[in-house]
Each structure stands twice: as C-alpha cells, then as structure tokens.
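Here is how the chains run, residue by residue.
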Amino acid sequence: MKKTLFDKIWDSHVVESIPNGPDILYIDKHLIHEVTSPQAFNELKERNIPVFRPDQIVATADHNTPTKDQHLPVKDLLSRKQLKELSQNCEENNITLYGLGHPYNGIVHVMAPELGITQPGMTIVCGDSHTSTHGAFGTIAFGIGTSQVTQVFASQCLLVEKPKKLRVNVNGKLKNGVLPKDVILYIISKLGTNSGTGYFCEYAGNVFEEMSMEGRMTVCNMSIEMGARGGLIAPDQTTIEYVEGREFAPKGAEFEKMKAHWETLKTDEGAEFDQEYSFEAEDIEPMITYGTNPGMGIKLTGSIPVEGNKSDAKALGYMNFKPGETLLEKPINYIFIGSCTNSRIEDFRVAASYIKGKKKAENVNALIVPGSRQVAEQIRTEGLDKVFEEAGFTLRQPGCSACLAMNDDKIPEGEYCVSTSNRNFEGRQGPGSRTILASPLTAAATAISGKISDYTQTLN
Amino acid sequence: MEKFIKLTDTVVPLDAENVDTDQIIPARFLKATDKEGFGENLFRDWRFNKAGEPNEDFVLNQDKYSGSILLAGNNFGCGSSREHAAWAIKAYGFKAVVSSYFADIFKGNALNNGLLPVQVSPDFLHKLFTAVEKDAEEKVVIDLEEQKISIQSSGDSESFDIDPYKKTCLINGYDDIDFLTSKLEVIKKFEKKRSGNQAEPQQTLQTENI
C-alpha cells in the first residue's frame, strides 16, 4: 500500500493498536520545560511511578525566564520557584537540563534542533503546542498536555488516535520580500484556524523544498494555528546537511546508516490524503494580522474584510480597527523579533540586512530576543549586535519573552506590537496588548518607519 | 479520575467563537507548580476589569446563569497546550463543555481530567443557545452511556461521538497512566525489536550526553 511520510513514521512507532481505540505510540524524544512539567512530576511522585526512560528526555528553561541579568537570581518569586522545581525534578530523575545560563539553553523549539536532538523520522513530544516546529525535519512532533507529559514519563508512550492526513502544496516563485512567515500566515488566512483540527499536515511543493531549515521550522511551527496537531516536511539534502555535525547528531558510520534511512522518508507517489489544498507562490505577499486569531490575516497593503460575524466584530473592537480599513500608515510603538517562530539566526540576519545603516523611529520600542544562547552567540560573531545597537534596537538574552509575556517583557495595554511571534490572542503579550503578527522583515521595517508601511518597493 | 456517567443541569452560555486557552487561563497564571486555584482565574481578563472588579457583561458574572455545563461557540480551546485551561474549567465547577468544535489538544486534556467535551452540530448548538436564552433555568441532559445530549423541556436531542476507549475511562474513572504502566513489558519488547531492525536504524543513545 502506498504510504504518506506521516504514515511511515507513525506506523513504525506503534507499539500496539487497541481495538476500537487509540494506538500506543512510542516517543523517541520528550522535551520538557518549567511550566508544563511540575504537576506531571508531582503526579509521578504521588503514585510512586519512576521515570521510565530518562535518557530520552531533555529539559530547558524558557517560558518564564527573564531576558536580562540572567546571571542574577530570578526576581519573580513564582518563576524562581518553578525553575527551582524543574532543576530538582531533573536532578532526582536523571534528566539532562540545560537551565538558565547553560551554553545550550534556549527556547525548547530552537535549542533542540540546533543541538541535533531533533532528527528525521523521530516522534517528538513536548508540553507545548508549538512542538509542531520539529516537523520541519520530517518528524512527527506535537504538543501535549501535562497528563500526557506524565504518561510519557511513565511509559515513553502515549495513547493517541491516529490523526487524518492533510497536504498543503505551494508551488511557484515567491515574490521578493516574501518570507516563510508570510507563506504560513497566508495559508492560515486562507484555511482558517480550525481547518487543520484532527489532521497532521504535510507541506509539499518547490517553495518548501527551496526553504532553509529555519524557514521550514517557521512554517511547521504555526501548523497548530490552523488547528493541525503537527506539520511536517520530507527530509532532503537541506535537512541532512543541517543535522550533520551537530552536537547530538549521529557521527561517522552511524550517521551514514541513519542518512540512508532518512533518505527513504518521503510520501510515496499516489499515496492518499484525506484533504489537500494547493496555493500559488506568486499570490503570496508580505502578511499582517488585524484580529485576535492568526487566521485573521491580510496582505500588508490590503484592507480588513468588511464582512464578519459577531466574533469578528468583537476582535476588531479589541484591536480598535474598523472593517474595510487599511493598516498602512498606522503608527506602531512596539515591535518584537523573537519567539519559537522567528528567533533563529536567519531571522536576525534578514532583519539586520534591512536595518543596517538606518535608525529606528523615535516612537518605537524595538525588542530583539534570540531563541537560544547559541543564536545569541552567532549574532555577536556575525556583528549583527552592532547593527541592532546602532539602529537603537534592544538586544536581550534568550527566552520566550514577549511572545506570551510570562516574564517582564510585556506590551502595555492598548498598544500595538508588530510581532514575529505566533499568536495574536487578546492579552497574549500582556493584558490589553494588541498584537499584529508579521515576518521579521515587516517587524524591522515597521521599527524603522514607526508605522506600518509598504517597504517592498525599497527592497533590493 | 472522577467518573462521568450522566449529567442533568442548567447551562452557562458563552456566546463566543475561537475561545483560546489564553482567554481561559492567561499565561501569567501558569507559574503554579500544583493544580490548585486555577478556577479563580478562569476567563480572568473577560471576567474582571483592571481593578479586579467583576465585569457585569460577562456571562459568568450574571446571576441568572449557573450550572455545571459550559456552552460555547465553535472551535473552543484553540491555542496553547496548557492543561491549566482544563484544570481551571473543572476547578470552577464545570463538568462538561458543549461546542460545535474543539481544538485537539484541549479535547484530550479535558478527557484526561474527567471534563467531558461534547461536540454537537452547529444546528444543535444554535438550538441550545436559543433554549438557554429563552429560559436560563432550562436544563440539558448529557448521557455519556447513551452518547446523547438533550434539551429537557423540548426533548430535542442529538447523539455525540466519543472514542470508545475514552468513554470506558470516563465511565469508570480510569486514566491512561494506569493503562500504559500495565503495558511496560510490551513496550520493552517493542524497544528491543526496534533496536534490531536494520531497515529503520536507531541512533545509539549517548547516555552520558543526552
């Protein structure tokens, strides 16, 4: 039978199928962080259950961590307690932790791929919905709740029903200035925030084949924003070159053996999907969102749809926008470049290339937060820190930061923020904050002009 | 886990679509390391104003509505994987959520906490909202064994789907951990078989590193 990439990976990880019920799915790698793991560790303790496979778990601290003075004790006492519990729990259970200050520390979906922990063909879970990011390597990766974190601790397995299969094809040539973030915001704006519910999504077509791993991660990251549990892209030469030589990637003869296997991981010609959509690359333009879910997106130069239901009207009320309005020329006081969607080196290179030699507008607070210590180091090595500094941007230490504002990095009430993160929900970046999702290039250009503007005319 | 068999109660109608988990429980309340107290902050930023006073327009603050069934618009629970959302709804006192669509992760989290997500057709959802709007005392019956939801006064009903395994768990109060830990020998056998499979090689675990 002809199989999709998703089928191949899923089927090889099924320990047992329960008649009329879910599959017992084996999990290769379990990533954990401070926010969604403490209650799972408590549950194990209460039930006197040991961690079954501690070697297959990797921990990092990212969600509530401060982005300045990381060498000092964390000021917020609740955050400090949560971080301390993570350290204790990891120590008691022999789990490797790359905590605050460790050279490998970073946002879980940035540090795991860059360390070679993420490899094609794996099943990967984490108590975080953006675990879909790792699908960029041709893995089945998805977010889980804390009860499921407990289950994986206890058995290295999950009880899950096999999702249906969706394929999104994008072919053609992307316009100048259109980044992977624009591609995924475009797809979500066309399909809506629940079109993917119940599905795993494979992205196919030359647009994804030609993307860097960083770009593919941005795309797969936001699969959950259309409701899909995960997204994946078949591994190819780009994937293999990215993985090779990374800290925890296989080495030597073992790498060759794994590589030969990874090269077989693709959807068979003629394999069937439950649902399929196709888009033309030429139709995609730089995108921004105007509402309070990621599906409410328009092209940068577009106008807000006139038609909408009660929920759409509520969203526009929250954002203080009107139907039919264009966002061009809207003054913006905050921009944020960071989050597990766009905090990899390529994101900062593209922002820096636009910013170089320019200054941010006076009204703008421009926050740059790398996804990991390694990315921060690379920013310095490439001299991008100087570019940001000279332009008046604030460069911070790594973490989730203003994406979900669990730390001090909050957008004030009523203020707009052009943000490279993944969610524009009400209050996501701080109570009353108004988020406009966009690519790193759009965020950088907004910081320079102090308003939303069509920068595409000025690109080289 | 608490059992769920049959529930007859009044309904709290939350007429909003795409209710995301950041609204159910905002991220700033996720710093707890236990499962206590999330009910107080359920829908925090919709329920209370900046000064912490109840917002009269919000349905949870309206005296005429009460009960352990939350009725909500399409695509409930989208966004983050935080199980704190299910804990908050449960801790507030809800036992079931009815919507025409649930986000995957939320649905799983709810089921793992004995909170029943009941997915109905858009038409039936509309009927439910109309019935409750007409009479806030209207009772709704959710029968898990029969997989049926009905409006008590009119008798209007619809059947709903649930994974048979999950249904058994809820009716008996079992959870997945009990089941999975009973399977450890099978899981070990799977690991052994896999490590010998040359067609799908596995990386040797570097215990000292990862």
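Everything numeric in this text was worked out from a predicted model, so none of it was measured. Each chain carries its own residue numbering, running from 1 in the direction its sequence is written. Chain letters and ligand numbers both follow the written order, the letters beginning at A and the numbers at 1. Local features in this predicted model are restricted to residues of pLDDT 70 or higher, and side-chain atom pairs are both shown and tallied only at a pLDDT of 80 or more, whereas totals for entire chains, interfaces and linings draw on every residue. The side-chain figures draw on all heavy atoms in the structure; neither hydrogens nor water molecules are used.

## Looking at the overall build of chain A
Elements are defined by DSSP. Helices are runs of H or I of four residues or more, strands are runs of E of two residues or more, and each kind is numbered from the N terminus. The number of helices and strands found in chain A is 15 helices and 19 strands. All radius of gyration figures rest on C-alpha atoms, and the globule criterion is 2.2 Å times the number of residues raised to 0.38. Against the compact-globule benchmark of 23 Å for 460 residues, chain A has a radius of gyration of 21 Å, which places it among compact chains. Based on the C-alpha atoms only, the size of chain A along its principal axes is roughly 55 × 55 × 50 Å. Burial classes: relative accessible area under 20% of the type maximum marks a residue as buried, over 50% as exposed, and values in between as partly exposed (1.4 Å probe, protein chains only). Relative to its 460 residues, chain A shows a buried fraction of 66%. Contacts between residues were defined by any pair of non-hydrogen atoms, one from each residue, lying within 4.5 Å. Nonlocal contacts in chain A, meaning residues at least 24 apart in sequence, comprise 76% of its contacts between residues at least 6 apart. In the structure as shown, chain A presents an accessible area of about 15800 Å², 47% of it carried by carbon and sulfur atoms. Positive residues here are Lys and Arg, negative ones are Asp and Glu, while His and the chain termini are left out of the count. Working definition for charges: the position is that of NZ of Lys, CZ of Arg, CG of Asp or CD of Glu. Distance between charge centroids for chain A: 3 Å, based on 47 positive and 58 negative side chains. Accessible surface area values rest on a Shrake-Rupley calculation with a 1.4 Å probe, where residue burial reflects the displayed protein chains alone.

## Details of empty space enclosed by the protein
Residue and element names in this part refer to chain A. A cavity here means a set of 1 Å grid points, computed over protein atoms only, where a 1.4 Å probe fits but cannot escape. A pocket is an open set with protein on both sides within 12 Å along at least 5 of 7 lines, and lining residues have an atom within 4 Å of a point. Grid points are joined across faces, edges and corners, and a volume is the space filled by probe spheres set on the points. With the rule as written, the count across this model stands at four cavities of 30 Å³ or more. For the largest cavity, the calculated volume is near 200 Å³. If you go around the largest cavity, you meet 24 residues; those closest to its centre are His63, Asp128, His130, Leu404 and Arg428. When residues are grouped by polarity, Ala, Val, Leu, Ile, Met, Phe, Trp, Tyr, Cys and Pro land in nonpolar, Asp, Glu, Lys and Arg in charged, and all others, Gly among them, in polar. Looking at the lining of the largest cavity residue by residue, the class counts come to eight nonpolar, 11 polar and five charged. Annotation comment: domain bounds sourced from an automatic or database domain assignment. Residues from two domains meet in the lining of the largest cavity; each of domain 1 (5-163 + 202-272) and domain 2 (289-454) gives at least three. Size it by volume and the second largest cavity reaches roughly 100 Å³.

## Observations concerning the side chain of Gln203 of chain B
Tracing the chain through its elements places Gln203 of chain B in the segment after α8 (184-195). A polar contact of 2.7 Å, which involves the side chain of Gln203 of chain B, links it to the side chain of Gln119 of chain A. A distance of 2.9 Å separates the side chain of Gln203 of chain B from the backbone oxygen of Phe248 of chain A, its partner in a polar contact. With residues up to four places along the chain from it excluded, the contact list for Gln203 of chain B reads Gln119, Phe248, Ala249, Pro250, Glu254 and Met258 of chain A. In protein, a polar contact requires one atom able to donate a hydrogen and another able to accept it; more generally it is a pair of N or O atoms within 3.5 Å, and residues adjacent in sequence count only if both atoms are side-chain atoms.

## Digging into helix α13 (residues 373-381) of chain A
Residues and elements named next belong to chain A. Taken residue by residue, α13 has Val375, Ala376 and Ile379 as its buried positions. Projected down its long axis, α13 carries its buried residues within an arc of 100 degrees, all on one side. Residues of α13 that are buried make contact with α4 (108-114), α12 (345-355), α14 (384-390) and β17 (394-395). Its side-chain oxygen placed 3.3 Å from the backbone nitrogen of Gln374, Ser372 serves as the N-cap of α13. Taken from the residues just after α13, Gly383 is the one with a positive phi, measuring 75 degrees. Directions are taken from the helix axis to each C-beta atom, and the arc is the one they span.

## Describing the domain arrangement of chain A
All names here are of chain A. Splitting chain A by domain gives domain 1 (5-163 + 202-272) and domain 2 (289-454). A C-alpha centroid distance of 26 Å is found between domain 1 and domain 2. Buried area is a sum: the accessible area each of two parts loses on coming together, probed at 1.4 Å, counted once for each and added. A combined buried area of about 2600 Å² lies between domain 1 and domain 2, and 52% of that area is made up of carbon and sulfur atoms. Here a salt bridge means any side-chain nitrogen of Lys or Arg lying within 4 Å of a carboxyl oxygen belonging to Asp or Glu. Seen at the junction of domain 1 and domain 2, the total is one salt bridge. Counting across the domain 1 and domain 2 interface gives 19 residue pairs in polar contact (both at pLDDT 80 or more). Of all the secondary-structure elements, those providing two or more residues to the side of domain 1 that touches domain 2 are α4 and α8 (213-221). Per-element tally for the side of domain 1 that touches domain 2: the top contributor is α8, with five residues. Of the residues in the side of domain 1 that touches domain 2, the class split is 10 nonpolar, 18 polar and six charged.

## Some remarks on the UniProt feature "domain: Aconitase A/isopropylmalate dehydratase small subunit swivel" (unreviewed entry) in chain B
UniProt positions are given in the numbering used here, feature names are shortened, and annotations may be inferred rather than shown by experiment. UniProt records the feature "domain: Aconitase A/isopropylmalate dehydratase small subunit swivel" (unreviewed entry) at residues 1-121 of chain B, using the numbering of this structure. The distance separating the terminal C-alpha atoms of residues 1-121 of chain B is 28 Å; by composition the span is 21% helix and 17% strand.

## Quick word on the interface of chain A and chain B
Taken together, the 82 residues of chain A in the interface contact 66 residues of chain B. Buried area between chain A and chain B, summed over both chains or domains, comes out near 6100 Å², and the portion from carbon and sulfur atoms is 54%. Counting across the interface, chain A meets chain B through 10 salt bridges. Residue Glu413 of chain A is joined to Lys50 of chain B by a salt bridge in which the shortest nitrogen-to-oxygen separation is 3.6 Å. Between the two partners, chain A and chain B, sit 38 residue pairs in polar contact (both at pLDDT 80 or more). It is helix α5 (residues 146-155) of chain A that contributes the most residues to the side of chain A that touches chain B, seven residues altogether. By residue class, the composition of the side of chain A that touches chain B is 29 nonpolar, 32 polar and 21 charged.

## Considering a negative patch on the surface
Taken together, Glu241, Glu244, Glu256 and Glu263 of chain A make up a surface patch of like negative charges. Note that Glu244 of chain A resides in the loop between α9 (237-243) and α10 (252-262). For patch detection, residues must exceed 30% relative accessible area and be free of salt bridges, and they are connected within 9 Å for like charges or within 5 Å for nonpolar side chains (Val, Leu, Ile, Met, Phe, Trp, Tyr).

## A few points about the packing of aromatic side chains
Two aromatic rings, drawn from Phe, Tyr or Trp (for Trp, its six-membered ring), form a pair once their centres lie within 6.5 Å of each other, and the interplanar angle then sorts them: stacked below 30 degrees, edge-to-face above 60, tilted otherwise. Under the defined criterion, the tally for this structure stands at 24 aromatic pairs over all chains. Seen in terms of ring centroids, Phe38 of chain B and Trp87 of chain B are 5.9 Å apart; in terms of plane orientation they differ by 35 degrees. Their pairing is tilted. With Phe38 of chain B in the loop between α1 (21-24) and α2 (44-47) and Trp87 of chain B in helix α3 (residues 84-92), the pair connects residues that are 49 residues apart, well separated along the chain. Accessibility classification places Phe38 of chain B together with Trp87 of chain B in one group, the buried group. On the numbers, 5.3 Å between centres and 20 degrees between planes, the contact of Tyr92 of chain B with Phe94 of chain B is stacked. Pairwise contacts between aromatic rings join Phe6, Trp10, Phe142 and Phe200 of chain A into one cluster. In this arrangement the basic side chain of Arg53 of chain A is found over the ring face of Phe52 of chain A, its NZ or CZ atom lying 4.0 Å from the centre. Lying over the aromatic face of Tyr354 of chain A, Lys358 of chain A brings its terminal NZ or CZ to 4.1 Å of the ring centre. Only when the NZ of Lys or the CZ of Arg is both within 6 Å of the ring centre and within 35 degrees of the ring normal is a charge said to sit over the ring.

## A word on the environment of Tyr318 of chain A
All names here are of chain A. With respect to the secondary-structure elements, Tyr318 resides in helix α11 (residues 310-319). Its relative accessible area of 19% is what places Tyr318 among the buried residues. Along the chain, Tyr318 and Gly291 lie 27 residues apart, while their C-alpha atoms are 8.1 Å from each other. For Tyr318, the contacting residues outside a window of four places in its chain are Thr292, Glu426, Gly427, Gly432, Ser433 and Arg434. Within polar-contact distance, the side chain of Tyr318 engages the backbone oxygen of Ser433 at 2.7 Å.

## Quick notes on the pattern of salt bridges
All names here are of chain A. Taken as a whole, this structure holds 36 salt bridges over all chains when the rule is applied. Across the pair Lys8 and Asp268 runs a salt bridge whose closest N-O atoms are separated by 2.8 Å. With Lys8 in helix α1 (residues 5-11) and Asp268 in the loop between α10 and β12 (275-280), the pair connects residues that are 260 residues apart, well separated along the chain. Owing to a relative accessible area of 28%, Asp268 belongs among the partly exposed residues under this scheme. Linking Glu377 and Arg380 is a salt bridge whose minimum nitrogen-to-oxygen distance equals 3.4 Å. With Glu377 and Arg380 both in helix α13 and three residues apart, this pair spans about one turn of that helix. What you see here is one network of salt bridges that share partners, running through Lys3, Asp7, Asp11, Lys162 and Lys165.

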